[in-house]
Amino acid sequence: MDPAPGLMEQRGDEKTRSPEQEPEPWQALPVLSEQQSKDVELVLAYAAPILDKRQTSRLLQEVSAVHPLPAQPHLKRVRPSRDASRPHALELLLCLAGPAAGARSLAELLPQPAVDPRGLGQPFLVPVPARPPLTRGQFEEARAHWPTSFHEDRQVTRALAGRLFSAQEQTAMQGHMERAVWAAQQAAARGLRAVGAVVVDPSSGRVLATGHDCSNTASPLLHATMVCIDLVAQGQGRGAYDLGPYPACSFAPAVTPLGVRVGSVRKLVEDGDVHADSLPYVCTGYDLYITREPCAMCAMALVHSRVQRVFYGVPSPDGALGTRFRIHARPDLNHRFLVFRGVLEAQCRQLDPGS
Ligand SMILES: [Zn+2]
């Protein structure tokens, strides 16, 4: 729980800062999945006016039974007409249409006697949202086409509004990123790439590893993320790299929570993995702060080590957590994690203005 030396140095600097050197404000913004970032996709459906309003609930029941639309639970079946001058006040969504949809009669669309079409008018084609909206922006767009229900993910909404983190959390986040910036400066002073990273246990605020890019011609893969994951492993009694020549790369030995042996690895219950002290999941439940967006190799290493959240300062041209790929949010990989960009953005950009 002791603040690490680098952090103290940074804090000390801050106190002596003159007002004109005030740090620029920053905002942590979520890097959403491709699904969440997409425009609303539309599919064609058939609807029909309800000419006899007294039949509405019966028609709704019978039509929903023959065309349940299991993949479109977000679509409401009845649309009140938005135009008061139109002859009918309500429209009923009947079923989805194929890609080569043309004019269809009620008899073609609704099997009888399962549906008694009394009270319905001539069917027409209408574009409707294909999938449930994931963000409020998608919801607003979706409902303009057809009435849509929306189960808002408050985390995402608050994150998009930049209100995900309390002032206290932001102070802690800034402190961790300042430490990553410090590590990057140590790397630059040694002629290494100015990328720094910190791994934190968010449950205690404890810094478990501080590292910077150590890559050189002999070891070209020692990116800051790889260094940090190895340092966390070293704190757990493992690790593979000799980082002795780089004093700014450091780790804190793992504390032993009640009933858990040093060297064991915390598990997510959802993994369904009962091997309490098997090796691989080095970063389960931990956060990584890194000055710039990790590459594909590092992003996959973070998937493999089961990191919980990644905060980075600036995007990288070859970045895999937002720019080129979104490896943290792929449904076909067995671990996903949250990614936020923009923490201490101005300071991180200064480290490597070319990025
Ligand atoms: Zn990398």
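All figures in this text were calculated on a predicted structure; none of them were measured in a lab. (Residues numbered from 1 in each chain as written. Predicted model: local features only at pLDDT ≥ 70, side-chain atom pairs only at ≥ 80, totals over all residues. Heavy atoms only, no water.)

K.L.:
An account of the nonpolar core is requested, with residue identities and associated values reported.
P.N.:
Counting 40 residues, the largest nonpolar core has L288 and V310 as its most contacted members. Mapped onto this core, the elements with two or more residues apiece are β6 (196-201), β7 (206-212), α8 (224-235), β9 (287-292), α9 (296-304) and β10 (309-314). In terms of residue count, the dominant contributor to this core is α8 (8 residues). If near-sequence neighbours (up to four positions away) are discounted, L288 is found in contact with A197, V198, V199, T225, C228, L302, V307, R309, V310 and F311. (Core = buried A, V, L, I, M, F, W, Y, C linked by side-chain atoms within 4.5 Å. Buried < 20%, exposed > 50% of the residue type's maximum accessible area, 1.4 Å probe, protein only. Helix = DSSP H or I, 4+ residues; strand = E, 2+ residues; numbered from the N terminus. Contact = heavy atoms within 4.5 Å.)

K.L.:
Got a sec to walk through the coordination of the zinc ion? Specific residues and values, please.
P.N.:
Every protein donor of the zinc ion is listed here as H223 (ND1), C295 (SG) and C298 (SG), and their distances to the metal cover 2.0 to 2.3 Å. For the zinc ion, the single-chain donor residues occur in sequence as H-x71-C-x2-C. Side by side, C295 and C298 carry an identical accessibility label, which is buried. (Donors = N, O, S within 2.8 Å, 3.2 Å for Na, K, Ca; no water.)

K.L.:
If you had to explain the pattern of salt bridges to someone new, which residues and values would you point to?
P.N.:
By the definition in use, this model includes 10 salt bridges. The salt bridge involving E41 is made with R131; its shortest N-O contact spans 2.3 Å. In this pair, E41 sits in the loop between α2 (34-37) and β2 (42-50) while R131 sits in the loop between β5 (124-129) and α5 (136-143), placing the two residues 90 residues apart along the sequence. Note that D332 is salt-bridged to R330, the shortest N-O span being 3.0 Å. On the accessibility criterion, D332 (53% relative accessible area) is exposed. Under the relative-accessibility criterion, R330 is labelled partly exposed at 35%. (Salt bridge = Lys/Arg side-chain N within 4 Å of Asp/Glu carboxyl O.)

K.L.:
Talk me through the sheet that holds β7; I want residue IDs and the actual numbers.
P.N.:
Strand order in the open sheet formed by 7 strands is β1-β11-β10-β9-β6-β7-β8, and the pairing between neighbours is mixed. The open sheet is flanked by β1 (29-30) and β8 (250-251), the only strands paired with a single partner. Relative to strand β11 (residues 338-341), β10 runs parallel, the two being bridged by 4 bridges. By the bridge assignment, F311 is partnered in β11 with F340. (Pairing = 2+ DSSP bridges.)

K.L.:
Quick rundown of the packing of aromatic side chains? Include the residues and the values.
P.N.:
Inspection of every chain in the model, using the stated rule, returns 5 aromatic pairs. Here the aromatic rings of F139 and F150 are separated by 4.8 Å at their centres, their planes lie at 15°, and the arrangement is stacked. Separated by 11 residues along the polypeptide, F139 in helix α5 and F150 in the loop between α5 and α6 (154-160) bring together distant segments of the chain. The pair F139 / F150 is uniform in exposure class, with both members buried. Centre to centre, the rings of Y289 and F311 are 4.6 Å apart; their planes meet at 10°, and the pair counts as stacked. Note that Y289 is positioned in strand β9 and F311 in strand β10, a separation of 22 residues in sequence. For the pair shown, Y289 and F311 are each scored as buried. Members of the aromatic cluster, each reached through a chain of ring pairs, are F165, Y289, F311 and F340. (Phe/Tyr/Trp six-rings, centres within 6.5 Å; stacked < 30°, edge-to-face > 60°.)

Limitation: the analysis is restricted to geometry and does not speak to function.
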